[in-house]
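Listed below, chain by chain, are the residues.
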Amino acid sequence: MQKAQTAINYEAFLREHLNQPHSIMRYELAHETLWVKCASKGNPALNYWLLSTLAKLFSAAVLQPVPNPGGAESIQTEVRRLRNFKAKGLRVPEVLATTEQAFVMRHLGRPGEEAPSLSNAIEDAIPQGSAATLTLWRQGLDAIHGAHTKGEVLSQAVARNMVVCADGVIGFIDFEDDPAAHLPRAVCMARDALNYAQSTALFLQQAGAMEEAQKHWLAFIQQLPADAQQVLARTVSKLSWVRFLPRSKRLGRDTLRVLAAYDLLASTR
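Parameters at a glance
- Residues numbered from 1 in each chain as written.
- Predicted model: local features only at pLDDT ≥ 70, side-chain atom pairs only at ≥ 80, totals over all residues.
- Heavy atoms only, no water.
- Salt bridge = Lys/Arg side-chain N within 4 Å of Asp/Glu carboxyl O.
- Helix = DSSP H or I, 4+ residues; strand = E, 2+ residues; numbered from the N terminus.
- Buried < 20%, exposed > 50% of the residue type's maximum accessible area, 1.4 Å probe, protein only.
- Axes fitted to C-alpha atoms, helices over the stretch in contact; angles between N-to-C directions.
- Parallel < 35°, antiparallel > 145°, perpendicular 65-115°, else oblique.
- Contact = heavy atoms within 4.5 Å.
- Pairing = 2+ DSSP bridges.
- Phe/Tyr/Trp six-rings, centres within 6.5 Å; stacked < 30°, edge-to-face > 60°.
- Core = buried A, V, L, I, M, F, W, Y, C linked by side-chain atoms within 4.5 Å.

(A) Representation of the pattern of salt bridges. In this structure the tally under the stated criterion is 11 salt bridges. Note that Asp-178 is salt-bridged to Arg-80, the shortest N-O span being 3.3 Å. Highlighted residues: Asp-178 in the loop between β6 (170-172) and α6 (185-206) and Arg-80 in helix α3 (residues 71-87), separated in sequence by 98 residues. Using a relative accessible area of 12% as the deciding quantity, one classes Asp-178 as buried. A salt bridge links Glu-212 to Lys-215, with the nearest nitrogen and oxygen atoms 3.4 Å apart. Note that Glu-212 and Lys-215 are positioned in helix α7 (residues 210-223) at a spacing of three residues, about one turn of the helix. The network of salt bridges with common partners includes Arg-80, Arg-81, Lys-88, Glu-152 and Asp-178.

As C-alpha cells, this is what we get:
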C-alpha cells in the first residue's frame, strides 16, 4: 500500500525561508518544487530616466517605463496579478502562501521535470529546422493573444518570462509591475507585441523561419484593437532608422536582435 504524502504547511514553509540569501530561490521537496520570492529593491531611477528620455525623443508612448518600486508593493502586485491570471484560466505559478514581504509559489514544471523558458526552447529548436522553431514561436504568440482576449496584459512579454510546461501549454512568470495601472491599454498591448518581437526575431532569422513568421505576425497584429495597431504602427515608423545599421556580427548580438525585430515588425507596414 502506497504511503500517503505528508501535507505541507506552506505558511510555515514561507516563514522559515524569509531570510533566504537571495530574493528568489528554488526549493526541491520530495513531491514538488517551490519558489520563495522576497521583497527586493526596484529598478534604478536612472533606468526610468533613460527610458523616459527615449520615449520623449521618439514620441513613443510604448517606450514609457513602468514603475517597479520594489519592496512590499512589488510583492503584492505580483501576487495579485498571478492570482488574476490564474482565475482567468491562464497558466501561471500557483501562489500558496503570502506575507507582506514575500510569497511562495509552486513551480510550473512537474516534479523531476524541467519547464524551460520559451526563449531557451526556441533557441534549442533552431538546429531542428524552421518548422520546429516556428511552432514554438507561434505558441508564444498565441499565448499572448490568449492573455489579451481575457483582458490581461503582461509585465515584460519577453520569451524568457514565458515557460513551456510539460503538457505544451505556455505559462507566464514575473509580474512585479503592472503596465495597465500606468499606461493606456492600447499601449500595453503594443508593448507586449514589441517585447515578444525583440526577444524572438533573431531566433526566427537564424532558423530560416522569418518569411513564414511574418505571415503569422501580420495575422496576430490584425487581431489587436485598432488603437493598439495604431500605436504599434507609429512606433515601427519611428524606429525605421535601424534598417540602415550594418548587419555585422562585430556590432554585437544586441544590434542583430534589433535588426531582426525590425524585419519582423516592418512586415506589417
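(B) Structural detail: the packing of α6 against helix α9 (residues 253-265). Relative orientation of the contacting elements α6 and α9 amounts to 100°, with a least axis distance of 7 Å. One way to sum up the angle between α6 and α9 is to call them roughly perpendicular. Only Arg-253, Leu-256, Arg-257, Ala-260, Ala-261, Asp-263, Leu-264 and Leu-265 of α9 make contact with α6, whose side of the interface consists of Leu-194, Ala-197, Gln-198, Ala-201, Leu-202, Phe-203, Leu-204, Gln-205 and Gln-206.

(C) Region of the structure containing the sheet that holds strand β2 (residues 33-38). Read from one edge to the other, the open sheet built from four strands follows the order β1-β2-β4-β3, with strand pairing classed as antiparallel. Each end of this open sheet is capped by a strand with a single partner; those strands are β1 (24-28) and β3 (95-98). Each strand axis lies, on average, 20° off the axis of its neighbour in the sheet, ignoring direction. Looking at chain direction, β3 and strand β4 (residues 102-106) are connected through three bridges and run antiparallel. Within the sheet, the bridge partner assigned to Ala-97 lies in β4 and is Val-104. α3 rests against β2, β3 and β4 of the sheet, and its axis sits at about 30° to β4.

(D) Fine view of the packing of aromatic side chains. Considering all chains together, one arrives at six aromatic pairs under this definition. When the centroid spacing of 6.1 Å and the interplanar angle of 25° are considered together, the rings of Trp-137 and Tyr-196 count as stacked. Placement of Trp-137 in helix α5 (residues 130-149) and of Tyr-196 in helix α6 is noted, with a sequence separation of 59 residues between them. On the basis of relative accessibility, which here comes to 0%, the residue Trp-137 falls in the buried class. Overall, the relative accessible area of 0% leaves Tyr-196 in the buried class. Measuring from centroid to centroid gives 6.4 Å for Trp-137 and Trp-217, while their planes differ by 35°, and the two rings are tilted.

(E) Spatial organisation of the nonpolar core. Counting 64 residues, the largest nonpolar core has Leu-118, Trp-137, Phe-172, Tyr-196, Trp-217 and Leu-264 as its most contacted members. With 13 residues, α6 is the single largest residue contributor to this core. Sequence-distant contacts of Phe-172, that is, excluding residues within four places in its chain, are made with Phe-85, Arg-91, Val-92, Pro-93, Leu-108, Ala-143, Ile-144, Ala-147, Leu-154, Asn-161 and Met-162.

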